[in-house]
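In case you want the letters, here they are:
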Amino acid sequence: MADTVRDPPPDGTDFHELEDGEELFPEPAAAPEESQPASLPAEDISTNSNGPKQDLLFDDDPEDLFAEATEEVSLDSPERDVLLSDGPSPAITPITPPTSVITPRIGHAHDDMFTHSSFDEIEEEEGGDSFDIHISVSDPEKVGDGMNAYMAYKVSTKTSMLLFKQKDFSVKRRFSDFLGLHSKLASKYLHVGYIVPPAPEKSIVGMTKVKVGKEDQSSNEFVEKRRSALERYLMRTVKHPILLKDPDVLQFLESSELPRAVSTQALSSAGLLRMVNKAADAVNKMTIKMNESDAWFEEKQQHFENLDVQLRKLHASVESLVCHRKELSVNTAQFAKSAAMLGNSEDHTALSRALSQLAEVEEKIDQLHQDQANGDFYLFSELLGDYVRLLTAVKGVFEHRMKTWQKWQDSQMLLQKKREAEAKLQFTNKPDKLQQAKDEIKEEIEELEGKVQQGERDFEQISKTIRKEVSRFEKERVRDFKMIIVKYLESLVLTQQQLIKYWEAFLPEAKAIS
Amino acid sequence: MMEEVKEVTSALSVHGHNIKITDVVKDGDVLTFVIVSQKLSGTGEYHVDRTWDDFEWLQQHLFSQEDVPGIQGVIFPPLPAKANGNTSAKVIKQLGVLGLGEWQPYVKALETFLQLVATHKILNKNKAVEVFLTSSDAPGRQKVKKNIFNRLSQAVEEMRKEGHKDVDEFFQTERDHNLVLTGCTKTAAEKFLDMVLTEQKIAVACGHFSAALHLCVEPGEDPDKKAFSRLCVQISEVFNSMKKNMTSVAENNVNTLGLGLDQESRYQEAEKEMLFRRTCKLVELENATRNAEKAKPVKKEAMEELKTATKTEFQEICRVAKQEIKQFQGVRVKMLQQALVQWCERQLLTAKESADQFNQHLQAFREMTQ
């Protein structure tokens, strides 16, 4: 049992994977029921409040939710609003019960054998198959014409992990495929406390330029920015031991043909932010004052609030730096031109030569400034942006925990009410109906007792998962930042070394004047 | 009270080439400079306090030497503009690159002015120079009478003369060449200033980032938290080093090539002024010649005399101008060379220091366990 569950129970799209003969569940009896999500009893959907409440979360809402959005989000928000509000609610509405992780709890008695504990086992398994996978996104290629055109990216995976069918393989994917992947992962894992890395931002403006075939520097920059973001997104996703083994992820990386993701409005980080904000509102409206028995959660939540503020400040600071660096590049180029003109006008031969050399040096320095600006951007600015977006996912799981607690409390309250009603029944004076009523209430009470137990278990599980996830997040954070600063310093050292070369070459020219 | 001239051959009792401004004090809007010059006799130094208005007094005296033959052919060492803005932005607008670097380049420019004046064979004979450098009292602050060198007073019609065709190929070439060079140099100096201002902005941005990182430091025993806090502090130090590097690069730029380009630009303008004066005299001469030819017998003699006088003046100007141009070309090339060499040397040094610093940071990060 320990090693059989490798994937969480499927949602509809994974249907065919089941047929590969992978053993998903400890109880063979469970399997057939798993594969027909549609046949899951209605009650199953209601047992997890993510069902109905989820609808609430994804309602189109004219209210401006972008007030707190990240800069990136608000940049695109008007367009995003348009996208998000048309069409049906996003992929998460339970055609495939979103809590597919929880649903296959057929026979509530078996829940502890479940994937929750199995996830724990999966993580312990990590030690066995060492993490060795490298994904690169490359070769952006425009496919099609006009407004139906899109960019196809090559996603190449190199790995020695046994999880994969090959060691070195690649597939072609488009942006909506990435969004589709994220949407599936989010719907499966977010509400049970896993920090699912957010997908890169949509950008109508950027893509339109590409579609109309504008081959200029800004659209090239856009494509490069997106390519880099997609690569980071995938690497971050596969670094997560659970997500790595998800069949959707494997399919995304390996399968040459991927069914077109239709509802990609879901869960870009803007969508996530909306969800979080709405959840927060919904929670407040229900006046949840969660009795936080665990100070750890309170402290962590505060910590992440602070971190969010700090990261946004840092991000703004770096953006300013990138801007000035680009300005310096422009100014340097202009100075180089003016120095060249000066050299040309100069009569004195040696001085003229030196000035022309000066112009060349400045041109080279301009190139260094441009490279440095890219470094500033791709290393720091994007790192900070990624973490700001990642924090929305982190906040999301904390919100989910509160909702889970609420659900548990709700069940408990309902149970209480039913018990009171049962007690009152004793005093009713309609004997013929009494037994029927008694039986009904007994049934309801039994059901509710089950729900309460389940609610408590869910709450404990999500709390446990979050603790682990936060720990993983904090370790990753240190690793990521360290890696970036090392790369950055390497570029800084290289720049100075180049400068030294240029100055050493120029000095004799300057001395040779007169 | 004007001091008596000690020697007959030169009015100046101090060395000209090593005049130094050793200190500058700002009191409200007024900058006071301490000027030190070495006595020719080798027995000591003169220390005097002067403000920009005193410099202007000196310059005006030099301009108004109408009795010195060919004075209009002199390329007058350029005096940098007055600095009286109350914000640094205003000062930069007035002075360009000289408004940066905590008055260091401005002081150097004033020093250069004094050195050029005091070593100028015609100009240093003027008593005003001696008074300026040696008198313990500040020279009189009364406004000197207007003189022909106040461009501002030149009527717009006079500007037409600038393009007047020359009779001498040497001067025509020099005028054409100067026109191009003044334009190019001015542009180069402006672009250089833009570069420096942006470098300063980057330094400031790095400083902000460095400070903002410190806000990410949180207390606590949690090992991951501590690791992240430590990382933030170290990254903060890296950005601090970047700030220092950029500040240094900007300073080097300002104090060497920035100053050099500014100096060159103003000196080219000074040559332009001289060439213009000569051209004006040429026009005057051509008019006088025409008048003399056309003059009715009654006025003829007077016209002829005027023509002769003007011709003499013009020839004197040409003579002096030719000397001045030769001298000027030598001096300006030397100044530019010095600026370029210094610039290169200092930037090279800064690059080496920064490379070391960044390398140290890099090693520290690589060695970080975890």
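Residues numbered from 1 in each chain as written. Chains lettered and ligands numbered in written order. Predicted model: local features only at pLDDT ≥ 70, side-chain atom pairs only at ≥ 80, totals over all residues. Heavy atoms only, no water.

Draft legend 1. Spatial organisation of the overall build of chain A. Looking only at helices and strands, chain A has 15 helices and three strands in total. Among the 514 residues that make up chain A, the fraction classed as buried is 55%. Carbon and sulfur atoms form 54% of the exposed surface of chain A, whose accessible area is close to 23,200 Å². (Helix = DSSP H or I, 4+ residues; strand = E, 2+ residues; numbered from the N terminus. Buried < 20%, exposed > 50% of the residue type's maximum accessible area, 1.4 Å probe, protein only. Areas by Shrake-Rupley, 256 points an atom, 1.4 Å probe, with all protein chains shown as cover.)

Draft legend 2. The overall build of chain B, seen in detail. A count of helical and extended segments in chain B gives eight helices and three strands. The C-alpha radius of gyration of chain B comes to 27 Å, more than 25% above the 21 Å expected for a compact globule of 370 residues. Projected onto the principal axes, the alpha-carbon positions of chain B cover approximately 110 × 50 × 35 Å. Here chain B, with 370 residues, has 51% of them falling under the buried criterion. In chain B, once contacts between residues fewer than 6 apart in sequence are set aside, the share between residues at least 24 apart is 73%. Taken as two groups, the 49 positive and 52 negative side-chain charges of chain B have centres that lie 4 Å from each other. (Rg over C-alpha atoms; globule rule 2.2 N^0.38 Å. Contact = heavy atoms within 4.5 Å. Lys, Arg positive; Asp, Glu negative; His and termini not counted. Charge placed at Lys NZ, Arg CZ, Asp CG, Glu CD.)

Draft legend 3. Representation of the confidence of the model for chain B. Mean pLDDT for chain B: 89, with 92% of residues reaching 70 or above. Low pLDDT, under 50, characterises residues 1-8 of chain B; the predicted model gives this stretch seven contacts beyond four residues in sequence or across chains. (pLDDT = per-residue confidence, 0-100.)

Draft legend 4. Representation of the packing of helix H14 (residues 349-425) of chain A against helix H8 (residues 297-367) of chain B within the structure. Interhelical geometry of H14(A) versus H8(B) gives an angle of 30° and a closest axis separation of 11 Å. By the angle between their directions, the pair H14(A) and H8(B) is classed as roughly parallel. For the crossing formed where H14(A) meets H8(B), the hand is left-handed. Along its contact with H14(A), which presents Leu351(A), Ala354(A), Leu355(A), Leu358(A) and Glu362(A), the element H8(B) presents Arg332(B), Val333(B), Leu336(B), Leu340(B) and Trp343(B). In terms of residue class, the contact of H14(A) with H8(B) is made up of eight nonpolar, no polar and two charged. (Axes fitted to C-alpha atoms, helices over the stretch in contact; angles between N-to-C directions. Parallel < 35°, antiparallel > 145°, perpendicular 65-115°, else oblique. Left-handed = near helix turned anticlockwise from the far one by under 90°. Nonpolar A, V, L, I, M, F, W, Y, C, P; charged D, E, K, R; others polar.)

Draft legend 5. Broad picture of the sheet that holds strand S2 (residues 150-159) of chain A. Residues and elements named next belong to chain A. Pairing is antiparallel in the open sheet, where three strands are placed in the order S1-S2-S3. Edge positions in the sheet fall to strand S1 (133-143) and strand S3 (168-174), since each has one partner strand and no second. Neighbour to neighbour, the strand axes of the sheet diverge by 20° on average, direction disregarded. Bridging between S2 and S3 involves seven bridges; their strand directions are antiparallel. Paired with Ser156 across the two strands is Ser170, which belongs to S3. In this fold helix H9 (residues 217-239) packs onto S1 and S2, with an angle of close to 150° to the strand it touches most, S1. Lying over the sheet, helix H11 (residues 247-254) contacts S1, S2 and S3, oriented at roughly 95° with respect to S3. (Pairing = 2+ DSSP bridges.)

Draft legend 6. Spatial organisation of helix H4 (residues 127-134) of chain B. Residues and elements named next belong to chain B. For H4, a buried count of seven out of eight residues is recorded, marking the element as mostly surrounded by other parts of the structure. Taken as a whole, H4 has its buried residues at Ala128, Val129, Glu130, Val131, Phe132, Leu133 and Thr134. On its buried face, H4 sits against strand S2 (30-38), strand S3 (45-51), helix H1 (52-63) and helix H3 (104-118). N-cap assignment for H4: the residue whose side-chain oxygen lies 2.8 Å from the backbone N of Ala128 is Asn126. (Polar contact = N/O pair within 3.5 Å; in protein donor to acceptor, adjacent residues only side chain to side chain.)

Draft legend 7. Up close: the interface of chain B and chain A. Between chain B and chain A, the contact holds 61 residues from the first and 59 residues from the second. Across the interface of chain B and chain A, roughly 5,500 Å² is buried in total on both sides, 75% from carbon and sulfur atoms. Three residues, Phe209(B), Asp224(B) and Phe228(B), lead the burial of chain B against chain A; their summed loss comes to 11% of the area buried on that side. Taken together, the connections running from chain B to chain A amount to seven salt bridges. For Glu345(B), the salt bridge is made with Lys511(A), and the minimal N-O distance between the two is 3.8 Å. (Buried area = accessible area lost by both parts, 1.4 Å probe. Salt bridge = Lys/Arg side-chain N within 4 Å of Asp/Glu carboxyl O.)

Draft legend 8. Local environment of the pattern of salt bridges. Residues and elements named next belong to chain B. Applying the stated criterion across every chain yields a total of 46 salt bridges over all chains. Across the pair Asp166 and Arg278 runs a salt bridge, and its minimum N-O distance is 2.8 Å. Within this pair, whereas Asp166 is found in the loop between helix H5 (156-160) and helix H6 (169-214), its partner Arg278 is found in helix H7 (residues 223-294), the two being separated by 112 residues in sequence. Pair check on accessibility: Asp166 and Arg278 agree, each one buried. For the salt bridge of Glu316 with Arg319, the shortest nitrogen-to-oxygen distance reads 2.7 Å. Taken as a pair, Glu316 and Arg319 lie in helix H8 at a separation of three residues, close to a single helical turn. Residue Arg319 is classed as partly exposed on the basis of its relative accessible area of 42%.

Draft legend 9. Molecular detail of a negative patch on the surface. On the surface, Asp439(A), Glu440(A), Glu443(A) and Glu446(A) cluster together to form a negatively charged patch. Here Glu443(A) lies in helix H15 (residues 431-511). (Patch = residues over 30% accessible without salt bridge, like charges linked within 9 Å, V, L, I, M, F, W, Y side chains within 5 Å.)

Draft legend 10. Local environment of the pairing of S3(B). Residue and element names in this part refer to chain B. Strand direction decides the pairing type here: S2 and S3, joined by seven bridges, are antiparallel. Within S3, the residue paired with Gln38 across the bridge is Glu45. Adjacent in sequence and paired antiparallel, S2 and S3 are bridged by six residues, among which Gly42 carries a positive phi angle near 80°.

Draft legend 11. Structural context of the packing of aromatic side chains. Tallying each qualifying case throughout the model produces 28 aromatic pairs over all chains. Consider the rings of Phe380(A) and Phe239(B), whose centres lie 5.3 Å apart with planes at 80°: the pair is edge-to-face. Placement of Phe380(A) in helix H14 and of Phe239(B) in helix H7 is noted, with the two residues assigned to different chains. By relative accessible area, which is 1% here, Phe239(B) ends up buried. A network of ring pairs unites the aromatic residues Trp296(A), Phe297(A), Phe304(A), Tyr387(A), Phe398(A), Phe473(A), Phe481(A) and Phe228(B) as a single cluster. Here the guanidinium or amino end of Arg226(A) rests over the ring plane of Phe175(A), the centre of that ring lying 3.5 Å away. Sitting over the ring of Phe297(A), Arg401(A) keeps its end group 3.4 Å from the ring centre. (Phe/Tyr/Trp six-rings, centres within 6.5 Å; stacked < 30°, edge-to-face > 60°. Lys NZ or Arg CZ within 6 Å of the ring centre and 35° of its normal.)

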